Amino acid sequence: MSTENDSLGALTKHTLPELPYGYDALEPFLDKETMELHHSKHHQGYVNGLNGAEAALAKARANGDFGLIQHLSRQLAFHFGGHYLHSMFWATMAPNGSGGGGEPTGALADKINEDFGGFEAFQNQFSAAAGAVEGSGWGLLHYRPVDNRLIICQAENQHKVAQWGATPILGVDVWEHAYYLKYQNRRPEYIKAWWNVVNWSAVADRLKSAQG
Ligand code: MN
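Along each chain, residues carry numbers from 1 onward, in the same order as the chain's sequence is written. Only residues with pLDDT of at least 70 are given local features in this predicted model, and only at 80 or more are side-chain atom pairs given and counted; all residues enter the totals for whole chains, interfaces and linings. Excluded from the side-chain calculations are hydrogens and water; all other atoms, namely the structure's heavy atoms, are used.

Chemist: Looking at this model, I keep getting lost on the coordination of the manganese ion. Mind explaining?
Modeler: Tetrahedral coordination by four donors sets the ideal angle at the metal to 109.5 degrees; octahedral coordination by six donors sets it to 90 or 180 degrees. At this site the manganese ion is bound by H38 (NE2), H86 (NE2), D173 (OD) and H177 (NE2), with donor distances of 1.9 to 2.1 Å. Read N to C, the donor residues that coordinate the manganese ion are spaced as H-x47-H-x86-D-x3-H. Separated by 139 residues along the polypeptide, H38 in helix α1 (residues 32-63) and H177 in the loop between β3 (167-173) and α5 (180-183) bring together distant segments of the chain. Buried residues are those whose accessible area, probed at 1.4 Å on protein chains only, stays under 20% of the maximum for their type, while exposed residues exceed 50% and partly exposed ones sit between those limits. Overall, the relative accessible area of 2% leaves H38 in the buried class. Atoms are scored as donors when they are N, O or S and lie within 2.8 Å of the metal, with 3.2 Å used for Na, K and Ca; no water is included, so coordination may look incomplete. Helix and strand labels come from DSSP, where a helix needs a run of H or I of at least four residues and a strand needs a run of E of at least two; each type is numbered from the N terminus.

Structure, rendered in structure tokens:
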């Protein structure tokens, strides 16, 4: 068998995106040590896991051996979920006062008012949803095209309780690795601090692109 037949199908080489700011740029809200570990170790781990799962699936196709299909399908969902959500997480934050914090403006602000009855009501629901995620997971804002509205969701881990057909445009990571060094068990305090580094202009761009 030639090396070309070791796997079937083209593979994407997923890579860790660079942060658009330094590890200490979101201080004092998100501390440097947590940011560095979170990006360079945790996110890198999901990238590696995703590449590994896709390579193993290609090999399974080549061998016609699907004995591990359940395991590999789970690995694919878990690691892609991690890669996708963390990539969005970094891209929708910015240093406080330099693009981060404050309130949304323009079309995003209008949509939030329309769908949630006001920014404060939106923020309260989002913080409550993120705070109440059981164990590891995410609080997420999705755009749902079927009825053209924004919805607030929870994700368990990074791949369960998915909302089909809806696009995440903002998310807060509430795994303990995202806050435990600085906030220990005080997740609500971390979520409250995180609002200070949300990059609303990046979220508005994501909404615009999801609306097509
Ligand atoms: Mn994380």
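Chemist: How should the packing of α1 against helix α2 (residues 69-91) be read in this particular structure?
Modeler: Between two packed helices, both the angle of their axes relative to each other and the distance between the axes serve to describe the pair. One can describe the packing of α1 onto α2 by two numbers: an axis separation of 8 Å at closest approach and a directional angle of 145 degrees. As α1 packs across α2, the resulting crossing turns out to be left-handed. When the residues that make up the contact of α1 with α2 are grouped by side-chain class, the tally is 14 nonpolar, eleven polar and one charged. Each axis is a line fitted through C-alpha atoms, taken for helices only over the stretch in contact, and angles between the N-to-C directions span 0 to 180 degrees. Handedness of a helix crossing follows the sense of rotation of the near helix relative to the far helix, less than a right angle counterclockwise being left-handed and clockwise being right-handed. Nonpolar residues are Ala, Val, Leu, Ile, Met, Phe, Trp, Tyr, Cys and Pro. Charged residues are Asp, Glu, Lys and Arg, and all others, Gly as well, are polar.

Chemist: Help me understand the environment of K111, please; the structure alone is not making it clear to me.
Modeler: Checked against the element boundaries, K111 lands in helix α3 (residues 106-116). Among the residues examined, K111 registers a relative accessible area of 6% and is labelled buried. Sequence-wise, K111 and F89 are 22 residues apart; in three dimensions their C-alpha atoms are separated by 21 Å. The residues contacting K111, other than those within four sequence positions of it, are N148, R149, L150, L207 and Q211. Contacts were defined at the residue level, with two residues in contact if any of their heavy atoms lie within 4.5 Å.

Chemist: Got a minute to help me understand helix α4 (residues 119-131) in this structure?
Modeler: Owing to its 3.6 residues per turn, the α-helix aligns residues three or four sequence positions apart on the same side. Between its terminal C-alpha atoms α4 stretches 18 Å, which fits the 18 Å expected from 13 residues at 1.5 Å a residue. Among all positions in α4, only F119, F122, Q123, F126, A129 and A130 are buried. With its buried residues spanning 135 degrees around the axis, α4 presents them on a single face. For α4, the secondary structure elements touched by its buried residues are α3, β1 (137-144), β2 (149-156), β3, α6 (187-194) and α7 (200-211). Expected helix span is given by 1.5 Å per residue-to-residue step, counting one fewer step than there are residues. The arc in question is formed by the directions pointing from the helix axis toward the C-beta atoms.

Chemist: Can you walk me through the side chain of H43 in this structure?
Modeler: Secondary-structure assignment places H43 in helix α1. Residue class for H43 comes out buried when judged on its relative accessible area of 0%. There is a polar contact of 2.9 Å between the side chain of H43 and the side chain of H83. Residues within four places of H43 in sequence aside, it is in contact with L16, P17, H38, G82, H83, H86, S87 and W90. Throughout this description, a polar contact denotes any pair of N or O atoms lying within 3.5 Å of each other; where both atoms belong to protein, one of them has to be capable of donating a hydrogen while the other can accept it, and for residues adjacent in sequence the pair is counted only when both atoms sit in side chains.

Chemist: It is not clear to me how the sheet that holds β1 should be interpreted in this structure. Could you clarify?
Modeler: The strands making up a sheet associate through backbone hydrogen bonding, with each pair oriented either parallel or antiparallel. Two strands qualify as a pair provided that DSSP identifies no fewer than 2 bridges between them. Taken in spatial order, the three strands make up an open sheet running β2-β1-β3, and their pairing is antiparallel. Each edge of the open sheet is held by one strand with a lone partner, namely β2 and β3. Here the strands of the sheet are splayed against their neighbours by 25 degrees on average, with no regard to which way each runs. Two strands pair when backbone bridges link them, and β1 and β2 are joined in this way by eight bridges, in the antiparallel orientation. Across the sheet, residue G137 finds its bridge partner in β2, namely E156. Sheet contacts for α3: β1 and β2; angle to β2, the most-contacted strand, approximately 80 degrees.

Chemist: How should the pairing of β1 be read in this particular structure?
Modeler: Look at any regular strand and the pattern is simple: side chains alternate between the two faces of the sheet. β1 sits mainly inside the fold: seven of its eight residues count as buried. The loop that links β1 with its antiparallel partner β2 comprises four residues; one of these, N148, has a positive phi angle of about 50 degrees. In terms of strand pairing, β1 meets β3 through six bridges, oriented antiparallel. When the sheet's bridge partners are listed, L140 is paired in β3 with G171.

Chemist: I'm lost on the environment of K59 in this one. Help?
Modeler: As for its position among the elements, K59 is in helix α1. On the basis of relative accessibility, which here comes to 48%, the residue K59 falls in the partly exposed class. Sequence separation between K59 and S7 is 52 residues, and the spatial gap between their C-alpha atoms is 4.4 Å. Not counting the four nearest positions on each side in its chain, K59 is found in contact with D6 and S7.

Chemist: Could you clarify how one ought to interpret the environment of H86 in this entry?
Modeler: Mapped onto the elements of the fold, H86 is located in helix α2. Counting along the chain gives 47 residues from H86 to H39, while the straight-line C-alpha distance between them is 8.1 Å. With residues up to four places along the chain from it excluded, the contact list for H86 reads H38, H43, Y46, W138, Q158, D173 and H177.

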